[in-house]
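# Chain and residue survey
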Amino acid sequence: MERVAVVVSYWDERPVAALRSLVKGMDTFDPGISFERILVVNRSSESPDQTLDELRFDRIVERANTGMNIGAWDAGWRVAPNATGYLFLQDDCHILRDNWLAGFVNSARPDVGLSGESMNLNWARPWDHLRRGPGMIELDGHTVNGRRVNRVDYYLRCMRKWGIDPGPDGRHLRSLVWYCRRDAIELIDGFPTGSTYGECIAPEIATSRRLLSHGLCIEQVRPDPFHFIGHPDWVYSKQHSRHVHIGSLTRLERLLAGP
């Protein structure tokens, strides 16, 4: 029998409204399989939010605010070592349809190490090409010895530090929704976590690359992204005929974008 844990990350500086909406969606739509609910709180404030107890999670884990969402997810699976699989969600995700959990569990073939709602194909190019594309965008926290560096070089540096073979390209699953079997997550001893902003972003790529280096596949759970579970930063654009990050749309395009 499958024993699945749904691990939700939450930063206590965020309004609780989105988390409430996610829980309501988990109750409204049939998951298709029973599961344990785990909330991992990245705590910044000194006083716990008592309203979280009303959300009926089976476990609430509180930790220091390090590693952002992936750091919280790594803490979450470790408190449920007997689960057969783990669905990892950010608190601002929203459930879209029935069988939102069974869809991930049933598609988890033995050769798939990680599945998710959105494959980042923009990074599915050789590292040298990425240096001249997405890697050129400067982000805070991507520094070495106080000097800003190319994002690609920064992420490669992090992977070398964590003992991860980066492979030939940067293809990876976006860390909004992930599903991982227990044997796969144990194989890689969980997710790498960092202490700086750059080191917190790098694990999104590093986790996919580590599983690929072990001969496992990474997979978008359905051909269309955000099939079972959506995220407010991504919308379906009629003009582009695909899901796009809302930050990449013009104001007019946002108005034209479908639900």
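Each value, and the rule that gives it
Residues numbered from 1 in each chain as written. Predicted model: local features only at pLDDT ≥ 70, side-chain atom pairs only at ≥ 80, totals over all residues. Heavy atoms only, no water. Helix = DSSP H or I, 4+ residues; strand = E, 2+ residues; numbered from the N terminus. Contact = heavy atoms within 4.5 Å. Buried < 20%, exposed > 50% of the residue type's maximum accessible area, 1.4 Å probe, protein only. pLDDT = per-residue confidence, 0-100. Pairing = 2+ DSSP bridges. Axes fitted to C-alpha atoms, helices over the stretch in contact; angles between N-to-C directions.

Let us look at the environment of Val7. As for its placement among the helices and strands, Val7 is situated in strand β1 (residues 4–11). The spacing of Val7 and Trp178 is 171 residues in sequence and 9.8 Å in space, taken between C-alpha atoms. Aside from chain neighbours lying at most four places away, what touches Val7 is Ile38, Val40, Ala72, Trp73, Gly76, Trp77, Tyr86, Leu87, Phe88 and Leu89.

A word on unusual backbone geometry. The residue Asp189 is not glycine, and still its phi comes out positive at about 55°. Checked against the element boundaries, Asp189 lands in the loop between α6 (182–187) and α7 (197–213). Even without being a glycine, Phe226 presents a positive backbone phi close to 55°. The residue Phe226 is located in the loop between β12 (217–220) and β13 (229–230) in this model. For Phe226, a relative accessible area of 7% gives the class buried.

This brings us to the confidence of the model for the protein. Per-chain confidence: the protein averages 88 in pLDDT, with 89% of residues scoring 70 or above. Note that pLDDT drops below 50 for residues 236–242; the model gives that stretch 16 contacts with residues more than four away or on any other chain. Contacts for the low-pLDDT stretch residues 246–259, under 50 throughout, to residues beyond four places or in other chains number 22 contacts.

This part takes up the sheet that holds strand β3 (residues 59–64). As summarised here, the arrangement of the seven strands in space is β3-β2-β1-β4-β11-β6-β12, forming an open sheet in which the pairing is mixed. Every interior strand has two partners, whereas the edge strands, β3 and β12, have only one. The sheet shows a mean angle of 20° between the axes of neighbouring strands, direction not considered. Bridge count between β1 and strand β4 (residues 85–90): six bridges; the pairing is parallel. Across the sheet, residue Val7 finds its bridge partner in β4, namely Phe88. The strands touched by α7 within the sheet are β6 (112–116), β11 (177–181) and β12, with β6 carrying the most contacts at an inclination of about 145°.

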